[in-house]
Every structure is written in C-alpha cells, then in structure tokens.
Amino acid sequence: MAEAADFQGTHPSPARRWLRRTGTLFAGVPLLTGLLQWPAVSPAAATAGSSVQAASGAGSVSVSVNSLTPGVPGEDDTVTVSGTVTNKGKQAVTDAHVGLRVGPLLNTRSGIDSVARNSDDAQSVIGSEVDDKYAQEYAELMPGVSQRFSISVPVDELSLGENGVYQVAVALSGQTAAQPWKQTLGVRRTLLPWQPDAVGTKTSTTFLWPLISTVHTTAETGSNEQQTPVLRDDDLAKEIAPGGRLDRMVALGKSLDITWVIDPDLLASVDAMAESYQVQGPGDTTTAGGHQAAAKRWLANVQSAVKGKEVVALPFGDPDLASLAHNGTSVTGSLSHLKEATDVVVNTVEPILHVKPTTDFAWPVNGAVDPSIVKVATSAGADKVIARSDTFRETGDLSYTPSAARPIGGGTTAVVADAQLSTVFQGDMTRASTSTLAVQRFLAQSLALGLQTSRQRSVVVAPQRTPTASQAQTMAEALKAVQDENWSESEDLAAAAKAEPDPAATTEVPAASSYPSSLRKQELPRSAFEQIARTQDKLDTFKVILSDPSRVVTPFGRALNRGMSVSWRGRIAEAATYRSGVEAYLDELLDQVKLIDKSETKLSGRSATIPVTVQNNLVQGVENLTLRLTSTNPTRLEIGGDAYEEQPVTVSGGHSQSVKFTTSANANGRATVIAQLYTQDGQKYGEPVTFDVKVTEITATVMLVIGGGVLLLVLAGFRMYTQRKRAAAREAQEQNRVEDEGPDGPQNPDTPAERPTKKPENGPGTKEPEAGSETDAPEQPSDPAPDTAPGNAGPSGTGERVDR
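Rules of the game
- Residues numbered from 1 in each chain as written.
- Predicted model: local features only at pLDDT ≥ 70, side-chain atom pairs only at ≥ 80, totals over all residues.
- Heavy atoms only, no water.
- Helix = DSSP H or I, 4+ residues; strand = E, 2+ residues; numbered from the N terminus.
- Buried < 20%, exposed > 50% of the residue type's maximum accessible area, 1.4 Å probe, protein only.
- Contact = heavy atoms within 4.5 Å.
- Areas by Shrake-Rupley, 256 points an atom, 1.4 Å probe, with all protein chains shown as cover.
- Pairing = 2+ DSSP bridges.
- Axes fitted to C-alpha atoms, helices over the stretch in contact; angles between N-to-C directions.
- Patch = residues over 30% accessible without salt bridge, like charges linked within 9 Å, V, L, I, M, F, W, Y side chains within 5 Å.
- Salt bridge = Lys/Arg side-chain N within 4 Å of Asp/Glu carboxyl O.
- Lys, Arg positive; Asp, Glu negative; His and termini not counted.
- Charge placed at Lys NZ, Arg CZ, Asp CG, Glu CD.
- Core = buried A, V, L, I, M, F, W, Y, C linked by side-chain atoms within 4.5 Å.
- Arc of directions from axis to C-beta.
- Parallel < 35°, antiparallel > 145°, perpendicular 65-115°, else oblique.
- Left-handed = near helix turned anticlockwise from the far one by under 90°.
- Nonpolar A, V, L, I, M, F, W, Y, C, P; charged D, E, K, R; others polar.
- Phe/Tyr/Trp six-rings, centres within 6.5 Å; stacked < 30°, edge-to-face > 60°.
- Lys NZ or Arg CZ within 6 Å of the ring centre and 35° of its normal.

Trainee: Got a minute to help me understand the overall build of the protein chain in this structure?
Mentor: When its secondary structure is counted, the protein chain shows 21 helices and 30 strands. In the protein chain, buried positions account for 43% of the 804 residues. Expressed as a percentage of contacts within the protein chain between residues at least 6 apart in sequence, the contacts between residues at least 24 apart total 77%. Of the accessible surface of the protein chain, which amounts to about 41,400 Å², a share of 52% is contributed by carbon and sulfur atoms.

Trainee: Help me understand the sheet that holds strand 13 (residues 278-280), please; the structure alone is not making it clear to me.
Mentor: Sheet strands associate in pairs through backbone hydrogen bonding, adopting either a parallel or an antiparallel arrangement. The sheet built from four strands is open, its strands ordered 10-11-13-14 with mixed pairing. Each edge of the sheet is formed by a strand with only one pairing partner; in this case those strands are strand 10 (217-221) and strand 14 (286-288). Averaged over all pairs of adjacent strands, the angle between their axes in this sheet comes to 35 degrees, without regard to strand direction. Pairing of strand 11 (residues 229-231) with strand 13 involves two bridges; the strand directions are parallel. Looking across to strand 13, one finds that Val230 is bridged to Gln278.

Trainee: Can you walk me through a negative patch on the surface in this structure?
Mentor: Negative charge collects at one region of the surface, where Glu75, Asp76, Asp77, Asp131, Asp132, Glu137, Asp156, Glu157 and Asp197 lie side by side. Summarising the element assignment, Asp197 is placed in the loop between strand 8 (183-194) and strand 9 (203-211). For Asp197, a relative accessible area of 44% corresponds to the partly exposed category.

Trainee: Quick question: what am I supposed to make of the nonpolar core here?
Mentor: If you look at soluble globular proteins, the nonpolar side chains tend to sit buried side by side. Counting 77 residues, the largest nonpolar core has Phe542, Phe556 and Leu627 as the members making the most contacts within it. Per element, the largest residue contribution to this core is seven residues, and it comes from helix 20 (residues 572-590). Other than its neighbours up to four places away in sequence, Leu627 contacts Leu595, Val612, Val614, Glu645, Glu646, Gln647, Val649, Val659, Phe661, Ala675, Gln676 and Leu677. In this structure, Leu211, Val250, Ile258 and Ala472 belong to the second largest nonpolar core, which totals 63 residues.

Trainee: Would you explain the environment of Ile151 in this entry?
Mentor: Along the chain, Ile151 turns up in strand 6 (residues 146-154). Overall, the relative accessible area of 1% leaves Ile151 in the buried class. As a C-alpha pair, Ile151 and Lys133 span 18 residues in sequence and 9.9 Å in three-dimensional space. Non-local contacts of Ile151, meaning those with residues more than four positions away in its chain, are made with Val79, Thr80, Val81, Val98, Gly99, Leu100 and Tyr134.

Trainee: How should I be thinking about helix 12 (residues 371-379) in this particular structure?
Mentor: Along an α-helix, a turn takes 3.6 residues, which lines up residues three or four apart on a common side. All of the buried residues along helix 12 are Ile373, Val374, Val376 and Ala377. Viewed along the axis of helix 12, the buried residues span an arc of 165 degrees, placing them on a single side of the element.

Trainee: Sorry, what's going on with the side chain of Ser403 here?
Mentor: Its place among the elements puts Ser403 in the loop between strand 17 (384-388) and strand 18 (405-409). Residue class for Ser403 comes out buried when judged on its relative accessible area of 4%.

Trainee: Whenever I open this one, a nonpolar patch on the surface confuses me. Can you help?
Mentor: A cluster of nonpolar side chains, namely Leu711, Leu712, Val714 and Leu715, defines an oily patch on the protein surface of about 410 Å² accessible area. By secondary structure assignment, the location of Leu712 is in helix 21 (residues 700-741). Of the residues examined, Leu712 reaches a relative accessible area of 60% and is grouped as exposed.

Trainee: Sorry if this is basic, but what is going on with the sheet that holds strand 23 (residues 601-603) here?
Mentor: The five strands are arranged 23-30-29-25-27 in an open sheet whose pairing can be described as mixed. Of all the strands in the sheet, the pair left with one neighbour each is strand 23 and strand 27 (644-651). Taking each pair of neighbouring strands and ignoring which way they run, the sheet shows an average axis angle of 30 degrees. Summarising the sheet, strand 23 and strand 30 (residues 684-695) pair through three bridges and their orientation is parallel. Following the sheet pairing, Leu603 is matched in strand 30 by Val695.

Trainee: What is the right way to read the packing of helix 19 (residues 550-562) against helix 20 from this model?
Mentor: If you want to describe how two helices pack, look at the angle between their axes and the distance between the axes. Where helix 19 meets helix 20, the axes come as close as 10 Å, and the angle between the chain directions of the two elements is 160 degrees. It follows from the interaxial angle that helix 19 and helix 20 lie roughly antiparallel. Where helix 19 crosses over helix 20, the two elements pack in a sense that is left-handed. In this structure, helix 19 contributes Phe556, Ala559, Leu560 and Arg562 to the contact, and helix 20 contributes Tyr578, Val582, Tyr585, Leu586 and Leu589. When grouped by side-chain class, the residues that make up the contact of helix 19 with helix 20 number eight nonpolar, no polar and one charged.

Trainee: Would you take a moment to explain the packing of aromatic side chains for this structure?
Mentor: Centre distance and the angle of the planes are the two values used to describe a pair of aromatic rings. Under the definition given, this model contains six aromatic pairs. Look at Phe207 and Trp209: their rings are 6.1 Å apart centre to centre, the planes differ by 45 degrees, and that puts the pair in the tilted class. Residue classification places Phe207 among the buried positions, given a relative accessible area of 1%. By relative accessible area, Trp209 is classed as buried at 0%. Note on Trp568 and Tyr578: the rings are 5.4 Å apart at their centroids and 40 degrees apart in plane angle, and the pair reads as tilted. One end of the pair, Trp568, is in the loop between helix 19 and helix 20; the other, Tyr578, is in helix 20, with 10 residues separating them in the sequence. Comparing Trp568 with Tyr578, the two get one shared label, buried. Through pairs of rings, three or more aromatic residues link up here, namely Phe207, Trp209, Phe425 and Phe442. The cationic tip of Arg465 hangs over the ring face of Trp363; the distance from NZ or CZ to the ring centre is 4.4 Å. Lying across the ring of Phe316, Arg558 places its NZ or CZ 5.7 Å from the centre.

In structure tokens form, the structure reads like this:
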C-alpha cells in the first residue's frame, strides 16, 4: 500500500521501504507458524483422495439408452426412453434420481455429430429437466450393480418448439459418502427429430443394400460332367443359414424400398452349392458339402426379395478398383480382367434371379476416388461411379448438402453418397444402446439435411460393403423409420444418377494426393497383379490344346477375378495364398500332358526309328500340339533329313501316344536329342525331354567281309545245285542201260541175232511199255555207251555225296 501511494516515476523513500519490509515480516510470521504446524499429507494419501473423488464423481455411473420410441414422435405421442444405469464407482450412490432432460435445438449437421461423439459427457450443460413426476428414483445404487429404468413422457411435456433436431439426455444424479451433495454422476445423450407437419419438398433418398461376401470358391472342379465346384471353406453355408448374416440381409431388405447391390460371385457360389460341392480340407483332401437345402432356400428368398426392385450388379468378384488403378494398370492384361468380370455379369445374375441387372455402376472402396480410379472404373463400360462426400468434398461455400449426381466429364457421372448418413452404422451394433443411438443419429441427419433448403435434392446412402447381422438390423430399423416419415421419399439409384445436378456443387475429382492413406495401405500390391498375369499366360497356353477349353477357362477365369476382390483388403497374406493355390492347381493340370522321359538310345545302323511318347492324364483330349525332335549335332545324327522334325500330336483323355521319328547316322559317337511339345501358335508347352543317342557306324572293311561271306554262300548253293542236277542225269542213264541189257547180260553187237522175244518183268512203280515204243527197237551199233557203270547197291565211299 505504501508503494502504491508513491507517485509514478519517483523512488520510495528509505523510511517507507523500511516500514514496508518490517510489516511484511511480521505479517508472515503467523502464516509460517501455521504451515509448520499443518499435518503432512503423503503422496499416496493425496492420490487415494483424488481416486475416490474420480470414482465417485461425474461419470462414475454409466447410463445406457437401449430404446427410444417412437424415434420420430408426433404431436399426440408419448416418448418412452428405456435403458440401464450401472454404478462403476467404488462407493454406493444414494438418493439416486434418473430424469429426462431436453437440450436446445441443434442447427447444424456437425452439431448432431458432436452430440453423438460425446454422448456420455457429464460435464457439459444438458438442459432443463422435465417434470420430476416423470423421473425414476433409486434409494441406493451399489458398486457394480445395474438397474433398469423406463421413463415415458408426453410430447407436449418436452417443450419442443420449431421443427428440427433436439438433444435429449437421460441423467442420473445422486450423492456418495465422499461427496455428500446432489450432483450429476452419469448421462447419456441421444437425438430426437421433431417434424410433426409434412414439408413442402421431400428429399429423395436412395439406400444401397449390399449383398456381398468374401471369396469362397476356388478354381478347382471335379472331373465329372457337372464339374463339381470346390470351396475354400464352408463359411458361406453359415452366412446363408437361417439367422446368418446373408439370410438376415435378405429377410430385412425384402420389406424395404432399397436398391440391391449384388456381387455375381456370391450368387454363382450359392447356386453351385445348391447341387453338389466339395470343401477343401487339410492338405489335398476334400469333403462333400451338405448344405444344398440351405442354398436352394436362400436363392429362392433372394429371388422373391428382389422382384420388382432395382438390382445393381458389380463386376464378378467385386474387383478392387483402387488397387487396380494404383498398382495394377502397369501390369499387362490387368484391365482385361476387369472387362471380363463385367461381361459375365448378365449371364450370371439374370439366370439365377430372373431379373435383368444394371451394370453401369462402379463402386470403389468407401467411395474414395481419384482420377486414376475413375479411369479404371469406366474402362470396363461403367459410366457412373459411386463416390462419397468425405473424399469428394465440396470446394464452394454451399450452405446445404447438394444432390448426389455430379457430371465429371467424359460422359461420366459421379454419384456422391452422403458420408454422414453412410457411416452411421459402422461399429459394434450388438449393444442395444449403440444401435439405438445410430438409428436416432441417422434420423436426425436425414431431417437436418431436409431442412437445409427447399430445393429438391437426391441423396444416396452407401453403407459398409459387408454389414454384420446386427448392423443390418440397425440399418433396417433406421431406414424403415425414415421411409415412414414426411420429409423423405424413396428413389432408385438410376433415378438419383439422372437427377438434375446442383450447379453450385463441385464436379472436380479429388487429386491422387488426397486419397486416404489408411485405404492405400490396405491395397493389393503390384506383385498380386503380376501373379495373376502369370497365371493368365499359363491359362492361355493351356486352353489352345484342349478339346473342350470351357471346362478350364471358365473356372480359372472367375478365380482370377476373385483374386482381385475388395474382400482381400486387410488380408494380404491370405489373398496371396489364394492366388498361389490357383496357380499351383493350373500347373498341376498343365503337367498332366507331358513327354515320358527316355534313357539313352543306341543306333547300330545308318538309319533307325526313335519313338517318343506323349502322355495325357486329363479327362479330355488334347489337340493342336506339335512334337519337335531336335538333334544338337546334326552332322552326326540327322532327324528327318535335317536338324529336327515336327509331327502333330492328338491324344485322347487318359491315354498315351508314341510318335516315331526317322533318323540317319553320319558318324560314330553320341548325339544329344531334345524332344519338346509346342502349341499351335509356336509356344513351348511343358518341359523338354533330353536324351542321348549312341551311334555305331558300319565301316567299309566290315561291309567287304559281310559281302564276301554272302558271295561264298551264293557260290556254294550254285555248286550244290549243279551237282544234284548231274547226279539225277546219271541215275536216269543208268536205269536205261540196265533195261536195255536184260537178264542175260549184254549181247554181242558183232553177232547179228534177233532180240529175244521175252519181255522183262516190270519193276515196282514202272510203267508197262506200249507197242511201237522205242524200247522195242533193236539196239544199234552206233548208240553211245552209258556214262556211268551199273549202279552199286553197296555203301558209297568216303566223301561221296548221296542225293535223296
């Protein structure tokens, strides 16, 4: 005070400074004495005290609102709020009181989101409590114990004013031994839309109802005529069984005005299960699936549910457009798979559901787009891309939410779904409190959007791709409530896409740098598309040799589509295992047509035939194959008169065929020969078979020796022939001479006597001479003597040849 009395700019006098210091000293003595006499408090005690206060203070009681009916009350309705209160503190709460409080009108959509995010904040001001007569009292709430409550209040007691969204809170107040005064210990906020009168212009609302699952079917099929499909697991049977996720989606969607968004792969998989199917087991084993009845029942329910409704079919397998755009377009052939997945949609969906689907919509993950995604999405024929407003943000200063349709150039329309409505149902909806808040939040956002302007607008809701059963139940409750109200009306997706776009809405596709990093981390890598391309190359080689290519092309083509599915996000390792399984199975089939290994072959002449065997273990025949046999040393061994020879090959299913090649040797030694199969277009097929041919050439000396031996054999045969001929002639002459001499011996030729008239006896086997024959003529002196002596009946001499 003395210092304050001094004038500014002057210094206090020494006397005043002494008096001030002395007074301060005396004044501090009692304070110091008190501090010295104050009992010390340990840190542990201080911590315990703060813990007790936290455990028994605001927020120590959990309040859950499990139901609020009706979600959108009318003027004559009674609002009933039910739930539980749970004491999470360490002290009992006495004189507990549960009441309903109504806060002020929420004027913005962001304010609605803020209330939903901080629904249990007990520190914020809530609003005035409704009359105490609607409160519920508890004498005591013990720690860890829950108590139910149900409060019913007529609408006219809520003091609701103009149309809009109001904050409603259930608050529990009470006291504890540590804090013995009345205070708010727990609160739960929710939202109450208030629109008792019909609005002049209703908001057109399109709600997408996705019927999508994960990948279940492999590329493997049975060898029978029906080609029994093989599934990775039997989880799909659980989803379509009564009470399963997909069963609930169909049952709930049947009574709603929605647009069905369906993956044809799901329909094809269940349709295959309806007949007969196998399920992969440990190793290479498979077991028979037994859920045919469930599959037929589910398909019948889907057919009934979609009748008369709009059906949008995604490309087969629901390919990940963002992964393809960011990591797959640089891999040759990747975009062709998207085109194939789109082309097979109509022939898959229409025969099963008996409705013609719309195929010109593309739906990237979470509606996140950039120029490359749009380009890929439209490359397969789609001219409408379903985006979402949290990535396709407004760049202008619009005070309201514009319509969904945005022309983005090139004849393409971006259908921008509302992010706040689309993301309401994410999270765990198994808890009644979470589900109730989600329903009220959806209704509140829908009403707030409708009250922004009197302009006619089309709004699209695109929820998560694969909702759980509880999420689907919550979606159905919210959608049924909003469809029954007087500010919204249902609209098909096609109509929303054709609606007149808002001229003030942004039409600029977000840059690639704005694509969410969290989504980019989940994308399929480039290696995934490289493996798919490698498998496709093998399939292209395989199909040209088959007599019935469709048995292989169809299951493998669809499996490659599944390898790019959105459902693999967050499961990169599992996706790699699936793709590797597809490729390995194709390799196994390729190896069923092969060349049989050969060992070393020996040739002992100038020319020989070498057989090569082609084996076909497939159930169908193979054709359009060429077998080429090549000599690596044609100067030593020629094949077909050249370095190689080719022959066409056709082999029936389950058979083998040997192909023979003519070879000629020019020199001794070993020559290596390579057998290789080729397709009709000149591509190698399978592994080659290499074997050695050992050639032993025939020399000139050997040829002379062999020729001399052959000549000697010919001469010996000729000599034997002449000897036999001469012997036969001698025998004939000897026989004639004996007959001429008669039994009395030879006649004297010099004595002219008459020939005896007695005829000689006829020998065995001889023929009696006829009259007038030469044997009757007398022997003339000039007849020559026989060349040989009379035959000797004794044994022949040594070395004498006997003809027989």
